[in-house]
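Descriptive analysis of the structure
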Amino acid sequence: MDRPPTRYADTGEVTVAYCRGGGAAPDLVVMPGFATHIELMWEPPFGGRLFDRLSRFARVTQIDKRGVGLSDRIAEPATLEQRMDDLRVVMDAEGIERAAILGISDGASMSALFAATYPERVSSLVLWEGGAGPPPEPALRDVLLPFVQDNWGTGAVMATLLRVEAADIEGLARLERYAMSPRMARALLEMDFTNDIRGALPVISAPTLVVHRTGDPILGRDRAVALGDLIPGARRVELPGNWHLSLVDDEEAEVLDAIEEFITGSRPAPGIEADRVLATVLFTDIVDSTPRAAALGDRRWSALLDAHDRAVATEIDRHRGTMVRSTGDGVLARFDGPVRGIRCARAIVDAADRLDLRVRAGLHAGEFLLRGDDVAGLTVHIGARISALAGPGEVYLSSSVRDLVAGSGISFDGRGRHVLKGVPGEWDVFAVAAG
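So, here is what we can say about the structure in this document. For clarity, every value in this text was computed on a predicted model and none was experimentally measured. (Residues numbered from 1 in each chain as written. Predicted model: local features only at pLDDT ≥ 70, side-chain atom pairs only at ≥ 80, totals over all residues. Heavy atoms only, no water.)

The subject of this paragraph is the sheet that holds strand β7 (residues 208-213). Strand order in the open sheet made by the eight strands is β1-β2-β4-β3-β5-β6-β7-β8, with mixed pairing throughout. Each of the sheet's edge strands pairs with one partner strand only, and the pair in question is β1 (6-10) and β8 (235-239). Going across the sheet, the axis of each strand differs from the next one's by a mean of 20 degrees, ignoring polarity. Inspection of the sheet shows strand β2 (residues 15-22) paired to strand β4 (residues 59-64) by six bridges, in the antiparallel sense. Directly across from Cys 19, in β4, lies its bridge partner Gln 62. Against the sheet, helix α9 (residues 253-265) engages β3 (27-31), β5 (99-104), β6 (122-128), β7 and β8, with an angle of about 165 degrees to β6. (Pairing = 2+ DSSP bridges. Helix = DSSP H or I, 4+ residues; strand = E, 2+ residues; numbered from the N terminus. Axes fitted to C-alpha atoms, helices over the stretch in contact; angles between N-to-C directions. Contact = heavy atoms within 4.5 Å.)

Set out below in structure tokens:
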């Protein structure tokens, strides 16, 4: 097929480049790997093979994530939360209410997180050469990161990711140079090393296929197995081969056949509830509200509480959160991204300080059960317990939140391990660092 035209969607922060073409339903949105350029991928050595093959059975949309390819350049690599925003905005721009999502390599983590956060928009999920697990050992990072920065633009980096012939190296070199700068390549890889999405995977309700090669030199088999094991009802296809990806020849025919069969013939996995979502819960609380109310008197306290409530509602709305309910002298809110939740918590604390009120806040990210406009589940209880640990003006959070905000620029201070009343086990707690 001919190369589809490049289009743009505006997120309000950046412009994201994408293309769409191919057949009719079903809709398939592709979140590709580490380095992309939606126009250059139609030139040698790629020749548009992947897009052409997928378009035989689907209407295909492919995205250049922000900072990469034809999308706006940015100073720092995009967080998983920002990449989810990009995907959502592109789907909205094309009127795609629900689609199959294909996350390839670097794009797999974000795709899984999107499926957990927006289950109503994902008909099925395919994770190709993606993995889950703790960050790699520092020794490996110390070797790989300088190698990426020192060799970017020569084709050597992409040659470690893609199965190619020596004659194709110049094509890979051009892709590297057109995709991003050496510093951005290193920073993006470093952020990928830091992300840990294991806590989000059990929330995924979409039918899921995990496909990988047994001898992949980049993705350890244990990480691919963990990814499949942690997603309820996921089907895992393991194929022989000692390469990460091969998008320049016919070596991936088996993979693409498996993807086509899965997307066009899958049904929801039995026993998996679609009303479970991944979200970040925020609890806030006015410290020493009872003695403060007694000191001010009912009328003055009521006026101050009204001003507090207006400020809190404004910040929740500004950070794209959802007010769940008031707790009397605080609120329960939820967010579809942990970074927005943290920044909202800090903004609420600061707004309360201007009113001469001291507020504490706590956040936790995990699985929720939606019950109308309300939320239920253990995650809510954990968020409340963590909030209770914080002091005046402090924002505390669980390790589940910290693990999902790599690349956000937010710093944390450890607050030790705690037993949370009514919650099994011990929990690592962190405070958002000042400034």
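That shown, we press on.
Another aspect to go through is the environment of Ser 302. As for its placement among the helices and strands, Ser 302 is situated in helix α11 (residues 298-318). Judged by relative accessible area, Ser 302 falls into the partly exposed class, the value being 37%. Note: C-alpha distance between Ser 302 and Glu 81 (221 residues apart in sequence) is 37 Å. (Buried < 20%, exposed > 50% of the residue type's maximum accessible area, 1.4 Å probe, protein only.)

Before going further, it helps to examine unusual backbone geometry. In this structure, the amide linkage connecting Pro 44 to the following residue, Pro 45, adopts the cis form with an omega of 5 degrees. For Pro 45, the position within the fold is in the loop between β3 and α1 (49-54). Of note, Arg 320 is a non-glycine position whose phi angle comes to about 60 degrees, a positive value. Structurally, Arg 320 is set in the loop between α11 and β10 (322-326). One non-glycine residue with positive phi stands out, namely Asp 356, at about 65 degrees. Following the sequence through the fold, Asp 356 ends up in the loop between α12 (338-354) and β12 (359-371).

A few words now on the environment of Ala 24. With respect to the secondary-structure elements, Ala 24 resides in the loop between β2 and β3. For the pair Ala 24 and Val 60, spaced 36 residues apart in the sequence, the C-alpha separation amounts to 8.9 Å. Those residues in contact with Ala 24, other than ones at most four positions away along the chain, are Ala 58 and Arg 59.

Among the six residues that make up strand β11 (residues 330-335), five are buried, leaving the element largely enclosed by the rest of the structure. Pairing between β10 and β11: four bridges, direction antiparallel. Looking at β11, one finds that Ser 326 is bridged to Val 331.

Before going further, it helps to examine the environment of Phe 46. Its place among the elements puts Phe 46 in the loop between β3 and α1. The exposure class assigned to Phe 46 is buried, which follows from its relative accessible area of 3%. Taking the C-alpha atoms as reference, Phe 46 lies 6.3 Å from Leu 247; in sequence the two are 201 residues apart.

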